[in-house]
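The chain contents come next:
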Amino acid sequence: MAHSLNPKFTPAAVRTQDNRPDFSSEAIRTVREDLAACFRAAARHGFEEGICNHFSAVVPGHDDLFIVNPYGRAFREITASELLICDFEGNVIAGDGQPEATAFYIHAEIHRRVPRAKVAFHTHMPYATALSMTEGDPLIWAGQTALKFYGRTVVDSDYNGLALDHGEGARIANAVGHADIVFMRNHGVMVLAPNVAEAWDDLYYLERAAQVQVLAMSTGRPVRSVPSDIAEATYRQMREGDPESARLHLASIRRQLDLEEPQYRH
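Residues numbered from 1 in each chain as written. Predicted model: local features only at pLDDT ≥ 70, side-chain atom pairs only at ≥ 80, totals over all residues. Heavy atoms only, no water.

**Q** Just to check I follow, could you spell out the overall build of the chain for this structure?
**A** Across its full length, the chain carries six helices and eight strands. Radius of gyration (C-alpha) of the chain: 18 Å, near the 18 Å computed for a compact globule of 266 residues. Dimensions of the chain along its principal axes, counting C-alpha atoms only, are 60 × 40 × 30 Å. Buried residues in the chain amount to 50% of all 266 residues. Between the averaged position of the 26 positive side-chain charges in the chain and that of its 35 negative side-chain charges there is a distance of 3 Å. (Helix = DSSP H or I, 4+ residues; strand = E, 2+ residues; numbered from the N terminus. Rg over C-alpha atoms; globule rule 2.2 N^0.38 Å. Buried < 20%, exposed > 50% of the residue type's maximum accessible area, 1.4 Å probe, protein only. Lys, Arg positive; Asp, Glu negative; His and termini not counted. Charge placed at Lys NZ, Arg CZ, Asp CG, Glu CD.)

Rendered as structure tokens:
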């Protein structure tokens, strides 16, 4: 399933200290810890799949670099200091190891080609992925939670197998358009956001929306969609409070982890 990145890429170990940026700022440390918390929380909710899925964030102050999880580590193992910093050419600028191949090719092109996407979460979480495999639009706007995503989704219908080159990563990135949520047909989902908190909030509620939709569809009874005007109004109501709600949601996750899995910060 997972693939190692081509060894031609330059590991951090061969780069001299003199030509490396300083990554010790509080802003970078916060993003590392926030990402590590999201990996742990995603594992708790069953959003991960083995060692195959990946989260990334643009390095604060360095728009040509991104933080991503290392190849071979399960979400529930990841700590802040284990996360890698890479450039868009596949060079590991800081950290030990290398990114998983599809993680690099997808996330490098997302951050290069969609600069508003400061954070990108890609998972094969079961309910959202199940809907990516069905005919028609994945979400049918029948549940209140789903309305958080009204008008914010796109479907990338051109599944081409594993993303093992820049071309496939670029194709995925070019399919994003103005969307925040990408249903990758026959594959999984991608959540794009301006910060880690909003990415986590969208990821969590997307899977909850998908879960209740699948449950409703499984009854065999007709599922009633919300009228479009009410769906639009509800979406606007939700989005007004989303940034603060997302911040508090992630803060809650971190408080729980501080008590139960404090090693995520290390």
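So much for the structure itself; the text now carries on.
**Q** Whenever I open this one, the state of the cysteines confuses me. Can you help?
**A** In protein chemistry, a disulfide is the covalent bond that joins the sulfur atoms of two cysteines. This model, assessed by the stated rule, comprises zero disulfides. The thiol sulfur of Cys38 is not disulfide-bonded, and the nearest other cysteine sulfur, from Cys86, lies at 18 Å. Judged by relative accessible area, Cys38 falls into the buried class, the value being 1%. No disulfide involves Cys86; its sulfur sits 17 Å from that of Cys52, the nearest cysteine. (Disulfide = S-S within 2.5 Å.)

**Q** Can you walk me through the pairing of strand β3 (residues 84–87) in this structure?
**A** Side-chain direction in a regular strand flips from residue to residue, so the side chains alternate between the two faces of the sheet. With burial as the criterion, each face of β3 is covered, one bearing Leu84 and Cys86 and the other bearing Ile85 and Asp87. Bridge count between strand β2 (residues 62–68) and β3: four bridges; the pairing is antiparallel. When the sheet's bridge partners are listed, Ile67 is paired in β3 with Ile85. What sits between β3 and strand β4 (residues 92–94) in their antiparallel hairpin is a turn of four residues, with Gly90 showing a positive phi close to 100°. (Pairing = 2+ DSSP bridges.)

**Q** Would you mind going over helix α5 (residues 196–218) with me for this structure?
**A** A turn of α-helix holds 3.6 residues, and therefore any two residues three or four places apart point the same way. Here α5 contains 23 residues, and its C-alpha end-to-end distance of 33 Å stays within 8% of the 33 Å for a straight helix at 1.5 Å per residue. Measuring from the side-chain oxygen of the N-cap residue of α5 to the backbone nitrogen of Ala197 gives 3.3 Å; that N-cap residue is Asn195. Positive phi shows up at Gly220, right after α5, with a value of about 80°. (Expected span 1.5 Å × (residues − 1). Polar contact = N/O pair within 3.5 Å; in protein donor to acceptor, adjacent residues only side chain to side chain.)

**Q** How should the sheet that holds strand β7 (residues 181–184) be read in this particular structure?
**A** Where strands meet in a sheet, backbone hydrogen bonds hold them as pairs that are either parallel or antiparallel. Strands sit in the order β4-β3-β2-β1-β5-β8-β7-β6 across an open sheet of eight strands; the sheet is mixed. The open sheet terminates on both sides in strands that have one partner only, identified here as β4 and β6 (153–156). Across the sheet, the mean angle separating the axes of adjacent strands is 25° when strand polarity is ignored. For strand β1 (residues 54–59) and β2, the ladder comprises four bridges, and the chain directions are antiparallel. Bridged to Ser56 within β2 is Val68. (Axes fitted to C-alpha atoms, helices over the stretch in contact; angles between N-to-C directions.)

**Q** I'm lost on unusual backbone geometry in this one. Help?
**A** Despite not being glycine, Trp141 shows a phi value in the positive range, around 55°. Classification of Trp141 by relative accessible area gives buried; the value is 16%. A positive phi is found at Asn186, a non-glycine position, where the angle reads about 65°.

**Q** Could you clarify how one ought to interpret the pairing of strand β8 (residues 188–193) in this entry?
**A** Of all the six residues making up β8, six are buried; the element is thus mostly covered by neighbouring parts of the structure. Looking at chain direction, strand β5 (residues 119–123) and β8 are connected through five bridges and run antiparallel. Bridge pairing in β8 places Thr123 opposite Val189. Between the antiparallel neighbours β7 and β8 lie three residues, among them Asn186 with a positive phi of about 65°.

**Q** What's the story with helix α6 (residues 228–260) in this structure? I'm lost.
**A** Of all the bends in α6, the largest measures some 55° and sits at Asp242, one to four residues before the proline Pro243. Those residues of α6 lying buried are Ala231, Thr234, Tyr235, Asp242, Ala246, His249, Leu250, Ile253, Arg254 and Leu257. On its buried face, α6 sits against α1 (26–44) and α5. (Bend = angle between axes of the 7 residues up to and from the residue. Contact = heavy atoms within 4.5 Å.)

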